[in-house]
Amino acid sequence: MISLADSARISPRRVDHRNAMEELGRNRGAIMKLEDIVKGNVIAGVVPGKLVRVVAAEMRGADALELVYKAEGALGQRRLSRVEEDGLLVVSNRAWRPTPGSVLALLVVVLAAFAAYQFLPHPKASMEGPVVNDIPVVIRTNGGMLEVAKVKHRRTFNLTEVATFAGFEVPFCTATASYTFDAHTTYRVKLAKDWAASYRNQRLQVTAPRLEPALPVAFDTARLKATLEKCPFMPGGTQEALLRSIGGKLAKDASNPAYLDLARNGGARETVREFAQKWLINQKTYNIPPNTPIDVMFADE
């Protein structure tokens, strides 16, 4: 896969011709082959109405070319098929300096390529998939854990014990304990050193690590309600036994798919999006606009 890791380090340059008409004359009438496209070419026909400079080019099989290019300072990527060769024109194979005549000639070429793109029929290309900008991106972090969502829910737990005598249960002598409280489950994601992401169709697609609940789950003792009903012959300990079991029950709640889905869509996705947005504004490696829309998925979705 062609990566922007190298191409992003290339500083933006203006297309520069020396004697563009002479260059155009040499190329006029020649059939443009995908395998002839190399780094540094200036090409018309890739983006309607614009000239692009080739940053990287790599053949995908015999009939497709993965192309990374710059157009008006912006980086882009496209897969070209064999059937698109007739609409491509190499304007220059070397650096040039503009003159009024060459600029006018180039303008004519670009307009002609745009008109051909708009009005000529386009045969369907046989490709592995749709033409998209699919650029691998690595989001670096400082490690640790990132809190992304909290889920608050009121829970009631009950435990009923039956008295026994000489190994036999006495059904009319029982003890029932109950606890009701607000549980607060905090969900986090690991800030691994690198997060994988992709810049695709002018959107940044981020895959965050799976949500992990912080254990033990906290609960609010200020609103705790406890009850105990038991016959006078029952020994104590029912409430203590119920309290000891609550931690495991809350941990099981926290891993419940329904709670995880509530956390993802109730705040976690937006928190990760904000985290990625801050990274996007400060990053220098990739030429991605800071206002790029961000889509967030989690690894366990």
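Residues numbered from 1 in each chain as written. Predicted model: local features only at pLDDT ≥ 70, side-chain atom pairs only at ≥ 80, totals over all residues. Heavy atoms only, no water.

Draft legend 1. Seen up close, the environment of glutamine 239. Residue position: glutamine 239 is located in helix H4 (residues 238-254). Looking at glutamine 239, the relative accessible area reads 22%, which means it is partly exposed. Note: C-alpha distance between glutamine 239 and tyrosine 179 (60 residues apart in sequence) is 8.6 Å. The contact partners of glutamine 239, leaving out residues within four places of it in the chain, are Ala177, Tyr179, Ala226, Thr227 and Leu228. (Helix = DSSP H or I, 4+ residues; strand = E, 2+ residues; numbered from the N terminus. Buried < 20%, exposed > 50% of the residue type's maximum accessible area, 1.4 Å probe, protein only. Contact = heavy atoms within 4.5 Å.)

Draft legend 2. Structural detail: H4. Helix length check: H4, at 17 residues, gives a terminal C-alpha distance of 25 Å against a target of 24 Å (1.5 Å per residue), a fit within 8%. Along its length, H4 shows its largest kink, about 30°, at isoleucine 246. The complete set of buried residues in H4 reads Thr238, Ala241, Leu242, Ile246, Leu250, Asp253 and Ala254. (Expected span 1.5 Å × (residues − 1). Bend = angle between axes of the 7 residues up to and from the residue.)

Draft legend 3. Quick peek at the pattern of salt bridges. Evaluation of the coordinates by the stated rule reveals 14 salt bridges. One network of salt bridges, with partners in common, ties together Glu35, Asp63, Arg82 and Glu85. (Salt bridge = Lys/Arg side-chain N within 4 Å of Asp/Glu carboxyl O.)

Draft legend 4. Representation of a nonpolar patch on the surface in the model. On the surface, a cluster of nonpolar side chains totalling about 220 Å² of accessible area is made up of Phe219, Leu224 and Leu243. Note that leucine 224 resides in strand E12 (residues 218-230). Taking the relative accessible area as the measure of exposure, leucine 224 reaches 31% and is therefore partly exposed. (Patch = residues over 30% accessible without salt bridge, like charges linked within 9 Å, V, L, I, M, F, W, Y side chains within 5 Å. Areas by Shrake-Rupley, 256 points an atom, 1.4 Å probe, with all protein chains shown as cover.)

Draft legend 5. Region of the structure containing the environment of alanine 276. Topologically, alanine 276 is positioned in helix H5 (residues 257-282). Each C-alpha atom, one on alanine 276 and one on aspartate 295, is 9.8 Å from the other, the two residues being 19 residues apart in sequence. Every residue in contact with alanine 276, bar those within four places of it in the chain, is listed here: Val206 and Ile294.

Draft legend 6. Up close: the side chain of glutamine 77. Here glutamine 77 is to be found in strand E4 (residues 74-81). On the accessibility criterion, glutamine 77 (2% relative accessible area) is buried. In terms of polar contacts, glutamine 77 uses its side chain to reach the side chain of glutamate 66, at 2.9 Å. (Polar contact = N/O pair within 3.5 Å; in protein donor to acceptor, adjacent residues only side chain to side chain.)

Limitation: the analysis is restricted to geometry and does not speak to function.
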